[in-house]
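Report on the structure
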Amino acid sequence: MKRGPELIVTEKDNAARRIADILSDGSAESDRVNGVNVYKWGGKRCIGLSGHVVGVDFPPEYGDWRDVEPVELVSADVEKRPTQENIVAALRRLARDASRIHIATDYDREGELIGKEAYELVREVNEAAPVDRVRFSSITDREVQEAFADPDDLDFDLAAAGEARQIIDLMWGASLTRFLSLSARQLGDDFISVGRVQGPTLKLIVDREREIDAFDSEDYWELFAALTKDSETFEAQYFYLDADDNEAERVWEEARADAVDRTLSAASTATVDEVRRRTRTDDPPAPFNTTQFIRAASGIDYSAQRAMSIAEDLYTAGYVTYPRTDNTVYPEDLEPRALLDALSDGPRFGDDAADLLDADEITPTAGDEETTDHPPIHPTDELPSPSDLSEDEWVVYELVVRRFLATVADAATWEHLRVVAAVDGDDEDLRLKANGKRLVDPGYHAVYPYRSTTENYVPDVAEGEELAVTEARLEAKQTQPPRRYGQSRLIETMEDMGIGTKATRHDVIQKLYDRGYIEGDPPRPTRLARGVVEASEEFADRIVSEEMTARLEEDMQAIARGEADLDEVTDESREILERVFDRLEDSREALGDHLRESLKADKTVGPCPECGADLVIRRSRGGSYFVGCDGYPDCEYTLPLPSTGKPILLDDVCGEHGLHDVKMLAGRKTFVHGCPLCAAEAADEEPDLIVGPCPECGADHDGELAVKRLRSGGRLVGCTRYPDCEYSLPMPRRGEVERVEETCEEHGLPGLRITYEDADREPWDLGCPICNYREYQARQAGTELEAIDGIGEKTAEKLKAAGVEDVAGLKAAEPDALADEIDGVGEDTVRNWQADAD
DNA sequence: GCAAGGTC
C-alpha cells in the first residue's frame, strides 16, 4: 500500500474547513490547489467540492436542435462530464498519491451521489487506495470524530437512485423542451421549456388563473351594529344559523338584508344572551426551515429569491447556519443558553436575548420535520458588527435571530371574549356577535414582532344585560375569486406536493419568470404559459403532474433498497416517453400553431389605428421597448413606451382605442403606463411649461428650457430649440410641476415645485432644475452599488469585475450585455437594478 | 442552448 496522505472529500468548502478544524484540533492550514482550498495537517488533506462537479448530458452529436429529432433523445446515451474543471483537476491531483480516501459529503441521497462521483474521479487516477464513506448529521466535534472512528462504505444503490432521477429528468425535459421549441419555431434564447418540477408548478399557477377566469361573483350583504355599554362602544356582526345549523354572516338576498337592516336601525337595545370567555395558548413558532424562512421573509416584503440570496451571504460570512434545510428540529448539541448569551451582546436584539436568559428552563420548540443533513436555520454565536452588513442584510439577519429567540421563548396567552346579543325582530330575534381578544401575556411576541398581535376590545358584559344599539350598518359585498399564489405560498404548496427541494424551489419560480411564463408579483401566467400547460395536458400529462415525482420517488426508493435497478427504472420511463412522442408527432403542426398564437397574444396590444393590423410590443436594437405595427414594413405606425422596466399587458382595454393597458415591471418602481395611445395623446395636449433661458443656447439663440411631457409618458426639462439643441435634464414622471417665485442666481431659472393629487403627499420643492440635477448626480456618484436592492457584496464584486464600478456605471450599461457577463443574472434583474438606481 | 440537483 502507498504511504501517501489520506484525503477527505466534502460537499462544499465550508464543510471541508470545519471538518479539518475538528479533526486537526485547529492545527489545519489552508492551501490552494488549482485555485481550490485544501486544508492540510499531519498526514491528512481535506478538499471541498461545490456540490456536483460532474453533470449528465447527451453525447456532443446530439447537440444541434435542428439536426436531431427530439424523440432521438429518448434512446440516446447519457454521459457524465466534469462541469467544474478546476475542482475536478484538484481532486485528481490530490487523489493520485493518497493512501486512503474518505468520502464525507452530506448525509442525504444527493450527497451519496456526489460522493460516488468523487469516488469515480478518484478511481480514474488511483485504483488501489481504499475508499470509505463517513456519515454524520451535523458538523460537530462529537459526531465528526465518531464518524471518522467508524467509517462505512459508499451506498451505490442510493447513489444509483439519484442517477435514475438525473437521467429521467434529462431525457423528459430535454426531449419535450426541444419538441415544443421546434414546433413553435422558438430556437433562440426564447425556447419553450418543460420539466418534472417546473411543469406542475406552472400548472398550479395556470389552474388558479383558470379558476379566477371561471369565477362568477355573487352579491351578498353583511350587517353590523354598534353596541354601547355605559360609554364604551364595540362592533357586533349580525349572524344566523344556516340550513346545516352553522353560523353564517353573509345574507344572500337583498330583500332580507334590507329587512334586517331596518330592524337593526330601528332597534334601541339588544339583550346579551351569551358570554363566553376562553383562554388560548399561542405557542411559539417552530425553528426555521427554508420554506418557513422564505414565508416569514415574504411577510416583510422580501421575495423568495432575494431572501435566499441574503441568507446565503449571511451563511458564507458565518453569521447564520446553512440556509438550505428541511429540518425544523434543533440538533441535540445546540446549547440555547450559550447562544442566547452570545446574542445578548448584539445590537437591535441584545436586550431581548438577555431577557430570555432569565428563564429557569429553556426548551426550544420543535417542528414536524426532522432531517439529519443540516440544522434548522439559526444564528451562529458569531455576531456581525453594525458595518459588516447592509441594511437589508441586517433586516434578514434580525429575522433569523428573532426567530431563534422566539423558539426558546414562552407561549403567549390570549383571552377571548365572545358576546352574543339579541335584538327583537318581527318574527324572530336577530342575533349579533362580537369576538374580543386581548393579549394577556405576550410571551414570544415580545421578541418576535413579525406576527400580528392586534387586539379587539369588547367590554365586560353579563348575560341578560341590556346594551344600547347606537348604529346599524349594511355593507354590500361580492364574493371574490380565489387569490393568486404569492411566491412563498407557491413554495409551500410545492413542498406539500413533494416537488423540488429546499435548495431549488425558489429557483424554479425564478426560472418560470425567466422563461416568460409568469409576470408580476404575485405571479400571473402569460398566454404562453397557458399554451404550454394546455399542450402538455393533452399530450404529455405526466410532465405537468405531481404524480411524476411521486412515482419517481417510489422508484428511487426501490433502487435504494436494492429491489429495482437503475436500468429497469429508466427503461420503463423511456417506454412511456416513447408513447408520448407517438402521439405528439401527429400533432406537431397544430401544437406549434397554438403555441405561436399564445406567444403573439402575450405581445398584442390591440388594433393599429392606421391599418387595423395588430399592434405588438417590440424591442429596438438598443434594447428599449416600443409598440409597433405587425404590418411593418407596410405600416410604420409606432408608439413609444417608458424607458424603465419591462412592459406587460394587462387585461383592461382602453374604451377609446381598444388597446390593452401596459404595465411596466421594474421591481419597486413598477407602475401602470395605461393605454400607450392615450399616453401619447395626453403628452401632445399637455402644454410645455417654460422655465427660463437654456444654459447652452440661451445667450446665442434665445433657446429656453421647458418642462415637457414625452409621448412615452416620461417628462424632462429640455430646450425649446430641440432638436437643434439637445440640452435636457430628467424630471419625475408624476405630479404637477409649477414655478415658484425665487430665482436661482447662478442659472437665472425659477425654482420648481411638484404637487401631487394625493393630498396627503407633501409637495416637493426641487428648486432650480439644474442645481437639483447636479446634486442628484453628486449623490449618485457617491452611491455604492451595494445600496441598490438586490446587490450584495458578492454581486457588487461580480459587477466590478465586469467593469461596472458604481451606480452611474450600472445605469449606463446595456442590460443584455451586462447580464451575459454575470453568472446567474438575467436581463430583467439588471433592468430592475437600473430602475432602483433612478 | 434542453432538466433538476448540488453549490456560490
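In the annotation of an unreviewed UniProt entry, the entry for chain A reads DNA topoisomerase 1, and the organism field reads Haloplanus rallus. Chain A has a UniProt comment under Subunit (unreviewed entry) that states "Monomer." Reading the Sequence similarities (unreviewed entry) entry of the UniProt record for chain A gives the comment "Belongs to the type IA topoisomerase family."

With respect to the overall build of chain A
Helix and strand content of chain A: 26 helices and 31 strands. In terms of its C-alpha atoms, chain A occupies a principal-axis envelope of roughly 95 × 85 × 65 Å. Counting across all 838 residues of chain A, residues that qualify as buried make up 49%. The long-range fraction of contacts in chain A, counting pairs at least 24 apart against all pairs at least 6 apart in sequence, stands at 65%. About 40800 Å² of surface is accessible on chain A, with carbon and sulfur atoms providing 42% of the total. Chain A carries 96 positive and 182 negative side-chain charges, and their two centres are separated by 3 Å.

Looking at the sheet that holds strand S28 (residues 728-731)
Ordered in space as S25-S26-S27-S28, the four strands form an open sheet in which the pairing is antiparallel. Each of the sheet's edge strands pairs with one partner strand only, and the pair in question is strand S25 (689-693) and S28. The average angle at which neighbouring strand axes cross in this sheet is 25°, direction not considered. As defined by bridge partners, S25 adjoins strand S26 (residues 704-709) across four bridges and the pair is classed as antiparallel. Residue Pro693 lies in a different strand from S26, and its bridge partner there is Glu704.

Observations regarding unusual backbone geometry
With an omega of 5°, the peptide bond between Asp521 and Pro522 qualifies as cis. Counting through the fold element by element, Pro522 comes out in the loop between strand S16 (518-519) and strand S17 (524-525). Pro723 follows Tyr722 through a cis peptide bond whose omega is 5°. The residue Pro723 is located in the loop between strand S27 (715-719) and S28 in this model. Phi angles above zero are rare outside glycine, and Asp25 is one such case at about 60°.

Describing the pairing of strand S9 (residues 219-229)
Both faces of the sheet carry side chains from a regular strand, because those side chains alternate between them. Buried residues dominate S9, accounting for 10 of its 11 residues. The pairing of S9 with strand S15 (residues 466-478) spans 10 bridges and is antiparallel. Each bridged residue has a counterpart across the sheet, and for Tyr220 the counterpart in S15 is Lys477. Both S9 and strand S10 (residues 232-241) contribute to a ladder of six bridges, which runs antiparallel. Pairing of Ala226 across the sheet is with Glu235, part of S10. The loop that links S9 with its antiparallel partner S10 comprises two residues; one of these, Asp230, has a positive phi angle of about 50°.

Concerning a negative patch on the surface
A surface patch of negative charge is lined by Asp273, Asp424, Asp429, Glu463 and Glu466. Topologically, Glu466 is positioned in strand S15.

Notes on the protein's contact with DNA strand B
Neighbouring DNA strand B are 41 residues; His52, Arg178, Leu187, Tyr322 and Thr501 lie closest to it. Among atoms of DNA strand B positioned within 4 Å of the protein, sugar and phosphate together represent 60%. With respect to DNA strand B, the side chain of Glu11 contributes an N or O atom lying 3.0 Å from a sugar or linking oxygen. Breaking the surface near DNA strand B down by element, the ones donating at least two residues are strand S5 (54-57) and helix H6 (156-183). Examining the composition of the surface near DNA strand B, we find that eight residues originate from one element, H6, more than from any other. For the surface near DNA strand B, the residue count by class is 11 nonpolar, 15 polar and 15 charged.

What about helix H9 (residues 290-299)?
All buried positions along H9 are accounted for by Thr290, Thr291, Phe293, Ile294, Ala296 and Ala297. Close packing links the buried residues of H9 with helix H10 (304-316), helix H13 (391-407), helix H14 (487-497) and helix H15 (505-514). Positioned one or two residues after H9, Asp301 has a phi angle of 70°, which is positive.

Let's talk about the pattern of salt bridges
Pairing between side chains of opposite charge can happen when the charged atoms of each approach one another. Throughout the structure, instances matching the rule amount to 60 salt bridges. Where Arg165 meets Asp169, a salt bridge forms, and the shortest distance between an N and an O atom there is 3.3 Å. Linking Arg165 with Asp169, this pair stays in helix H6, spanning four residues, or about one helical turn. Note that Lys203 is salt-bridged to Asp207, the shortest N-O span being 3.1 Å. Taken together, the residues span about one helical turn, with Lys203 and Asp207 both in helix H7 (residues 198-214) at a distance of four residues. Residue class for Asp207 comes out partly exposed when judged on its relative accessible area of 25%. Here the residues in one salt-bridge network are Glu247, Glu249, Glu274, Arg276, Arg418 and Lys433, joined through shared partners.

Considering the nonpolar core
Within the largest apolar cluster, 100 residues are counted, with the highest numbers of intra-cluster contacts made by Trp172, Leu176, Phe293, Tyr397 and Leu405. Among the elements that line this core, the one with the most residues is H6, at 10 residues. When sequence neighbours within four positions are dropped, the list of residues in contact with Trp172 reads Thr177, Arg542, Ile543, Met548, Ser573, Ile576, Leu577 and Val580.

Re the UniProt feature "domain: Topo IA-type catalytic" (unreviewed entry) in chain A
The UniProt record marks residues 155-581 with the feature "domain: Topo IA-type catalytic" (unreviewed entry), using the residue numbering of this structure. Secondary structure content for residues 155-581 is 41% helix and 18% strand, while the C-alpha to C-alpha distance between its ends is 35 Å.

Description of the UniProt feature "domain: Toprim" (unreviewed entry) in chain A
Cross-referencing UniProt, the feature "domain: Toprim" (unreviewed entry) maps to residues 5-140 in the present numbering. What you have in residues 5-140 is 32% helix and 27% strand, and the ends, taken at the C-alpha atoms, are 24 Å apart.

With respect to the side chain of Ser181
Position of Ser181 among the secondary structure elements: in helix H6. Classification of Ser181 as buried rests on a relative accessible area of 0%. Here Ile192 takes part through its backbone nitrogen, which lies 2.8 Å from a polar atom of the side chain of Ser181. In this structure, Ser181 is in contact with Trp65, Gln186, Leu187, Phe191 and Ile192, ignoring residues within four places of it in sequence.

Rules of the game
- All residue numbers here refer to positions counted from 1 along the written sequence of the relevant chain.
- Lettering for chains starts from A, numbering for ligands starts from 1, and both go in the order in which the items are written.
- Totals for whole chains, interfaces and linings use every residue, but because this is a predicted model, local features are given only for residues with pLDDT of at least 70 and side-chain atom pairs only at 80 or more, for both listing and counting.
- Hydrogen atoms and water are omitted, and side-chain values are computed over all heavy atoms in the structure.
- UniProt positions are given in the numbering used here, feature names are shortened, and annotations may be inferred rather than shown by experiment.
- Numbering of helices and strands runs from the N terminus; a helix is a DSSP stretch of H or I covering at least four residues, while a strand is a stretch of E covering at least two.
- Remark: exposure states derive from per-residue accessible area (1.4 Å probe, protein chains only) relative to the maximum for the residue type, with buried under 20%, exposed over 50%, and partly exposed in between.
- Residue contacts are defined here by distance: any two heavy atoms, one from each residue, within 4.5 Å place the two residues in contact.
- Each accessible area is a Shrake-Rupley result for a 1.4 Å probe, and residues are judged covered by the shown protein chains and nothing else.
- Only four residue types enter the charge count, namely Lys and Arg as positive and Asp and Glu as negative; His and the chain termini do not.
- We put the charge of a Lys on NZ, of an Arg on CZ, of an Asp on CG and of a Glu on CD.
- Strands are treated as partners if at least two bridges between them are detected by DSSP.
- Throughout, an axis means a line fitted to C-alpha atoms (over the contacting stretch in the case of helices), and angles, computed between N-to-C directions, take values from 0 to 180 degrees.
- Patches in this entry comprise residues that are over 30% relatively accessible and not in a salt bridge; like charges within 9 Å are linked, as are nonpolar side chains (Val, Leu, Ile, Met, Phe, Trp, Tyr) within 5 Å.
- Salt bridge criterion: a side-chain nitrogen from Lys or Arg within 4 Å of a carboxyl oxygen from Asp or Glu.
- A molecule or strand has a residue near it when one of that residue's heavy atoms lies within 4 Å.
- Polar contact is defined as a pair of N or O atoms within 3.5 Å, subject to the rule that within protein one atom must be able to donate a hydrogen and the other to accept it, and that residues adjacent in sequence are counted only when both atoms are side-chain atoms.
- Asp, Glu, Lys and Arg are counted as charged, while Ala, Val, Leu, Ile, Met, Phe, Trp, Tyr, Cys and Pro are counted as nonpolar; the rest, among them Gly, fall into the polar class.
- Here, the term nonpolar core denotes a set of buried Ala, Val, Leu, Ile, Met, Phe, Trp, Tyr and Cys residues that are joined through side-chain atoms within 4.5 Å.

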